[in-house]
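# Architecture and fold: a report
Listed below are the residues making up each chain.
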Amino acid sequence: MNTSSAVPRAGQREQKPGWFLTATLIGALSLLLRLTDTWSWWTFLWVPLLGFAVGSATYEWRLTALSRWRMPPVEWVLLIVAHLGLGTSLAVVGGFLPR
């Protein structure tokens, strides 16, 4: 049985999840959607920001699963805030919530 892939190699640093960047991106996206019209030239700014936020959330979920859900309490709060903000932003873009 080969278990060498599960053991981190010497010199490799184990990456830990950190939801600060994701929460910051989603906060900027929420602020941008709150202060501007959804379907104007601002779309060129919030669409890439949404893509970066979703990509960052996906990456952090992967790291969270790899670290076996061990995170400090602050990271759990940021995880919840980021997901609530992302859901609200998607609801605004989809027209389910008023601006």
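Report on the accompanying structure. Bear in mind that the values here come from a model prediction, so they are computed numbers and not experimental data.

Within the secondary structure, Ser 89 is located in helix H3 (residues 73-94). Owing to a relative accessible area of 4%, Ser 89 belongs among the buried residues under this scheme. With 39 residues separating them in the primary sequence, Ser 89 and Leu 50 have C-alpha atoms 8.8 Å apart. Dropping the residues within four chain positions of it, Ser 89 is found in contact with Leu 29, Ser 30 and Leu 33.

So, about the packing of helix H1 (residues 20-35) against helix H2 (residues 43-66). Helix-helix packing is characterised by the crossing angle of the two axes and by the distance between the axes. At a minimum axis distance of 9 Å, the contact between H1 and H2 shows a crossing angle of 155°. Relative to H2, H1 is oriented roughly antiparallel. The hand of the H1/H2 crossing is left-handed. Mapping the contact onto sequence places Leu 21, Thr 22, Leu 25, Ile 26, Ala 28, Leu 29, Leu 32 and Leu 33 in H1 and Leu 45, Trp 46, Leu 49, Leu 50, Phe 52, Ala 53, Ser 56, Ala 57 and Glu 60 in H2.

What counts, and where the lines are drawn
- Residues numbered from 1 in each chain as written.
- Predicted model: local features only at pLDDT ≥ 70, side-chain atom pairs only at ≥ 80, totals over all residues.
- Heavy atoms only, no water.
- Helix = DSSP H or I, 4+ residues; strand = E, 2+ residues; numbered from the N terminus.
- Buried < 20%, exposed > 50% of the residue type's maximum accessible area, 1.4 Å probe, protein only.
- Contact = heavy atoms within 4.5 Å.
- Axes fitted to C-alpha atoms, helices over the stretch in contact; angles between N-to-C directions.
- Parallel < 35°, antiparallel > 145°, perpendicular 65-115°, else oblique.
- Left-handed = near helix turned anticlockwise from the far one by under 90°.

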